[in-house]
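Residue-level listing of the chains:
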Amino acid sequence: MKEAAQATVADSKVSKIIKSLSELENHIDSLNEKVADIKKTLASKTQTELESLKTQVTQMAIKEAESIISETKAKAEQQSKKIAAEGEAKLAKLKATVESKSNEAVDSVVSTILKP
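Sequence order as written defines residue numbering, which begins from 1 separately in each chain. Given that this is a predicted model, residues contribute local features only at a pLDDT of at least 70 and side-chain atom pairs are listed and counted only at 80 or more, while totals for whole chains, interfaces and linings are drawn from all residues. Side-chain measures were taken over the full set of non-hydrogen atoms in the model, leaving aside hydrogen atoms and water.

1. Let's talk about the overall build of the protein
Point 1. A count of helical and extended segments in the protein gives one helix and zero strands.
Point 2. Here the globule rule is a power law, 2.2 Å times the number of residues to the power 0.38, and the radius of gyration is based on C-alpha atoms. Over its C-alpha atoms the protein spans a radius of gyration of 49 Å, topping by over 25% the 13 Å that the globule rule assigns to 116 residues.
Point 3. Counting only C-alpha atoms and orienting by the principal axes, one finds that the protein spans roughly 170 × 15 × 15 Å.
Point 4. Think of it in three bands: residues with accessible area under 20% of the maximum for their type are buried, residues over 50% are exposed, and the middle band is partly exposed, with areas taken using a 1.4 Å probe on protein chains only. Put simply, the protein has 116 residues, and 0% of those count as buried.
Point 5. Under the counting rule used here, the positive set is Lys and Arg, the negative set is Asp and Glu, and His together with the chain ends is not counted. Positions of charges follow a simple convention, taking NZ of Lys, CZ of Arg, CG of Asp or CD of Glu. Once the 19 positive and 18 negative side-chain charges of the protein are each reduced to a mean point, those two points are 4 Å apart. Starting at the N terminus, helices and strands are each numbered in turn, a helix being any DSSP run of H or I of at least four residues and a strand any DSSP run of E of at least two.

2. Some words on the pattern of salt bridges
Point 1. Any Lys or Arg side-chain nitrogen found within 4 Å of a carboxyl oxygen on Asp or Glu counts as a salt bridge. Counted by the stated rule, this structure contains one salt bridge.
Point 2. Of the charged contacts in the structure, one is a salt bridge between Lys75 and Glu71, with a shortest N-O distance of 3.5 Å. Highlighted residues: Lys75 and Glu71, both in helix H1 (residues 2-114), separated by four residues, approximately one helical turn.
Point 3. The class for Lys75 is exposed, based on a relative accessible area of 52%.

3. Digging into a nonpolar patch on the surface
Point 1. Among the surface-exposed residues, Val106, Val109, Val110, Ile113 and Leu114 lie close enough to one another that they form a single nonpolar patch of about 480 Å² accessible area.
Point 2. Residue placement: Val110 occurs in helix H1. Patch membership requires more than 30% relative accessible area and the absence of a salt bridge. Residues of like charge join within 9 Å; the nonpolar side chains Val, Leu, Ile, Met, Phe, Trp and Tyr join within 5 Å. Areas reported as accessible are Shrake-Rupley estimates using a 1.4 Å probe. Residue values count occlusion only from the protein chains shown.

4. Details of a negative patch on the surface
Point 1. A cluster of acidic residues, Glu25, Asp29, Glu33 and Asp37, forms a negative patch on the protein surface.
Point 2. Note on placement: Asp37 falls in helix H1.
Point 3. What makes Asp37 partly exposed here is its relative accessible area of 46%.

As structure tokens, then:
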């Protein structure tokens, strides 16, 4: 009888262990499903964030390029004005030289013609 009672107690303990293991397995399965869902959500959020960052970086690059272009254009216009002013000054100097030499040439021609 003692053996039967011990066997029943042992069977009861084994049943409890099996039931606990079954519940644990169910919890593990449930956790695995939750982890899979979290992975999907995380992957989706990561992709969304990557796209957002890519857009932001592209916009920043465009603004930087526009800034560089604008700055370069301003420098080129300034250099162009400087070159044009130098050209105007040289042209005025050349005109003055031509006019002064023109009078000398006329005087030289007149004196050559009027020589006896």
